[in-house]
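# Structural characterization, general
In case you want the letters, here they are:
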Amino acid sequence: MSGGFVTYDFDTAIDRRGTSCVQWDGVADRFGVDGLLPFTISDMDFTSPPEVLDALRQRVAHGVFGYTDWRLGDFRAAIRHWYGTRFGTALDPESIVYAPSVLNQLSQLLRMWTEPGDGVVVHTPTYDGFTKVLSGLGREPRGVPVDDGAALERQLARPDSKVLLLCSPHNPTGRVWTRPELAAFARLAAHHGAAVISDEIHADLVHDGRRHLPWTAVADGGPGRWAVITSASKAFNFPALNGSYGIIGDPAERAAFLRRMETAEGLASPAVLSLTAHIAAYRRGAAWLDELRAYVAGSLGMLADRLASAFPQLGWEPPQAGYLAWVDLRPLAVDGDALQRELVEHEKVAIMPGRVYGADGFVRLNLGCPRAKAEAGTDALIRALTRLVPGG
C-alpha cells in the first residue's frame, strides 16, 4: 500500500496452493486447465487480521473443543457493538440467530416462507449462489434489472411472488443501495405481501463516499416478514471457518428459525472458531478493515486507470463496494467465448465470465489480492482484449 502510515501488510503474496483452496487448487474444475492465475471465487489472498489470528491461537491453545452455545459469551454483544460503531444502528441482541453459512440461512428461510414453485424476486445480474439455492429448492427466480423499479413492482405484484431477495451491497455489481431505494423496496414488499431477505455479507467493504444502511434500520418496526443474513467472514477473510449470523425481526419467526436449525437440521452447536473469529474481528478488527478497504480501492483505481488508457470507450468506474470488479465489455464487441480462450490458453489467467451471473458481455475480476497479482490480471485482460477487439 502506498501513501500514509502503513500498519498492515497486504503486498506480501501468500502461497495458497496445496491448501484445498477453491480459488487456486480448484481452478481446473471450472476452467479445465490447472495452474492458471485465478481471479475468481470471492475470497481474498490476504491472511485474516492478526487480531483474529491471535484470538484463534489462544482458543486453540485451550485445547478443549466441546459442545458450544452461541448465545453464551460475547458473540451477540460483539455484533451489537459492530452495528453501533460501524453503521450507527442500534441492534437488539435477542434478534440475532446463528447458522453455518449465509446460503444455509437463505435455504432455511425460503423453506419457511415459500413453497416449491413460488417466485423469488432478485436483481440481475444475480449472484450465482442465489441461483443455485433457488434451483435446488424448486423456487422460481424472477429477475429484475438493478435500475428498473417498474419491473420490480411488476414482479412483486404477481400473487405467487413471496420473497424479495436482496444483495446489499449488490454482488456482482458492487452497487450500494441508497436509503430512498431501500425504503422503496420496503414499501413495495409490504404492499404486495412479500417477505424480504437481505444478504449483507459485503456490507463491511463499502468504499469511502458511500454508506451501507442495514435492512434493520429500514424495517425498524415495519410490517411483514424480514431477515438479514450476513457474516464477518467476507470482509475479514475466514469463510472456511463456517459461521454466519442473521437478524430476524419478528420474534415468532425467529423462534421458528431456531427450532428448525436446532431440531430438523441438528445444528445446535456452532463452530467455536467461527465465534472466536467474529468476536475478535468485531471488537478489534476495525483498523485492519479500514486499511484493507483503502488497499483494495487502490487496486480498483489501478484497473480503472489502465482500462481508461487502453479502452476509454468502456468508461469503467470502480464499484461502490467490495473487491470484485464488474466490467461491461459490450462496447468492445468482443465474443465472450473467444475472450475466455485467450485468457485461459494464452494469458494463463482465470477470470469469471459474466454469463455465470446471467450477463453475457461482462467479466468479474477479483482484486482481493496483493497489488502485483492485481496488476498481472489487469494486464492479461487488456492484452487479451487488445487481440480481440475488431480493428485492434
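Our subject is the structure listed above.
We now turn to the structure provided with this report. (Residues numbered from 1 in each chain as written. Predicted model: local features only at pLDDT ≥ 70, side-chain atom pairs only at ≥ 80, totals over all residues. Heavy atoms only, no water.)

## Quick look at the pattern of salt bridges
Note that side chains of opposite charge can pair when their charged atoms are close. Enumeration over the complete set of coordinates arrives at 26 salt bridges. Among the salt bridges present, the one from Arg142 reaches Glu140, with a minimum N-O distance of 3.1 Å. Exposure remark for Arg142: the relative accessible area of 4% places this residue in the buried category. Between Arg330 and Asp328 there is a salt bridge, with its nearest N and O atoms 2.8 Å apart. Taking the relative accessible area as the measure of exposure, Arg330 reaches 51% and is therefore exposed. Taken together, the salt bridges that share partners define one network made up of Arg16, Asp43, Asp45 and Lys373. (Salt bridge = Lys/Arg side-chain N within 4 Å of Asp/Glu carboxyl O. Buried < 20%, exposed > 50% of the residue type's maximum accessible area, 1.4 Å probe, protein only.)

## Points about the sheet that holds strand S2 (residues 96-99)
The strand order across the open sheet built from seven strands is S2-S8-S7-S6-S5-S3-S4, with neighbouring strands paired in mixed fashion. Looking at the sheet topology across the chains shown, the edges are occupied by S2 and strand S4 (140-145). Shown here is a sheet whose adjacent strand axes are inclined to one another by a mean of 25 degrees, direction ignored. Lying over the sheet, helix H4 (residues 75-86) contacts S2, strand S7 (226-230) and strand S8 (244-248), oriented at roughly 70 degrees with respect to S8. (Pairing = 2+ DSSP bridges. Helix = DSSP H or I, 4+ residues; strand = E, 2+ residues; numbered from the N terminus. Axes fitted to C-alpha atoms, helices over the stretch in contact; angles between N-to-C directions. Contact = heavy atoms within 4.5 Å.)

## Examining the pairing of strand S10 (residues 349-353)
Within S10, five of the five residues are buried, which leaves the element mostly enclosed by the surrounding structure. Where strand S1 (residues 37-39) meets S10, three bridges bridge the pair, whose relative direction is parallel. Each residue of the ladder has a partner; that of Phe39, found in S10, is Ile351. Across two bridges, the pairing between S10 and strand S11 (residues 362-366) is antiparallel. The residue bridging Pro353 from the neighbouring strand is Val363, located in S11.

## Notes on the packing of aromatic side chains
For the structure on display, the rule yields 17 aromatic pairs. On the numbers, 5.7 Å between centres and 55 degrees between planes, the contact of Phe10 with Trp288 is tilted. You can see Phe10 sitting in the segment before helix H1 (22-25) and its partner Trp288 sitting in helix H13 (residues 286-310), a full 278 residues away along the chain. Overall, the relative accessible area of 2% leaves Trp288 in the buried class. Judged by centre distance (5.8 Å) and plane angle (90 degrees), the rings of Phe46 and Tyr295 are edge-to-face. With Phe46 in the loop between S1 and helix H3 (50-62) and Tyr295 in helix H13, this pair connects stretches of sequence that are 249 residues apart. Comparing Phe46 with Tyr295, the two get one shared label, buried. An aromatic cluster is defined as three or more aromatic residues linked by ring pairs; in this entry it consists of Phe10, Phe46, Trp70, Phe75, Trp82, Tyr98, Phe236, Tyr245, Tyr282, Trp288 and Tyr295. The ring of Tyr295 is capped by Arg371, whose NZ or CZ atom sits 4.4 Å from the centre of that ring. Above the ring of Phe39, the side-chain terminus of Lys373 is found at 4.8 Å from the ring centroid. (Phe/Tyr/Trp six-rings, centres within 6.5 Å; stacked < 30°, edge-to-face > 60°. Lys NZ or Arg CZ within 6 Å of the ring centre and 35° of its normal.)

## Notes on helix H11 (residues 251-264)
Compared with an ideal rise of 1.5 Å per residue, which puts 14 residues at 20 Å, H11 spans 19 Å between its outermost C-alpha atoms and is within 8% of the ideal. The elements touched by buried residues of H11 are S2, helix H5 (102-113) and S8. Taking the backbone nitrogen of Ala252 as reference, a side-chain oxygen 3.0 Å away marks Asp250 as the first, capping residue of H11. Backbone geometry just downstream of H11 places Gly266 in the positive-phi region, at approximately 65 degrees. (Expected span 1.5 Å × (residues − 1). Polar contact = N/O pair within 3.5 Å; in protein donor to acceptor, adjacent residues only side chain to side chain.)

## Focus: unusual backbone geometry
For the bond from Thr124 to Pro125, the omega torsion is 0 degrees, close enough to zero to count as cis. Topologically, Pro125 is positioned in the loop between strand S3 (119-124) and helix H6 (128-137). Omega for the bond connecting Ser168 with Pro169 falls within 30 degrees of zero, at 0 degrees, which places this linkage in the cis form. A positive phi is found at Ser20, a non-glycine position, where the angle reads about 60 degrees. Its place among the elements puts Ser20 in the segment before H1. We classify Ser20 as exposed; its relative accessible area is 71%. Of note in the backbone geometry, Asn237 takes a positive phi value of approximately 60 degrees without being a glycine. For Asn237, the location among the structural elements is in the loop between helix H10 (233-236) and S8.

## Here we look at the state of the cysteines
Taken as a whole, this structure holds zero disulfides when the rule is applied. Take Cys369: it sits in no disulfide, and the sulfur closest to it among the cysteines is that of Cys21, at 12 Å. For Cys369, a relative accessible area of 1% corresponds to the buried category. (Disulfide = S-S within 2.5 Å.)

## Points about the packing of H13 against helix H15 (residues 371-388)
Their axes nearest at 10 Å, the elements H13 and H15 cross at an angle of 25 degrees. Taken together, the axis directions place H13 and H15 in an arrangement best described as roughly parallel. Note on packing geometry: the crossing formed by H13 with H15 is right-handed. Only Arg371, Ala374, Glu375, Thr378, Asp379 and Ile382 of H15 make contact with H13, whose side of the interface consists of Tyr295, Gly298, Ser299, Met302, Leu303, Arg306, Leu307 and Ala310. For the contact of H13 with H15, the residue count by class is seven nonpolar, three polar and four charged. (Parallel < 35°, antiparallel > 145°, perpendicular 65-115°, else oblique. Left-handed = near helix turned anticlockwise from the far one by under 90°. Nonpolar A, V, L, I, M, F, W, Y, C, P; charged D, E, K, R; others polar.)

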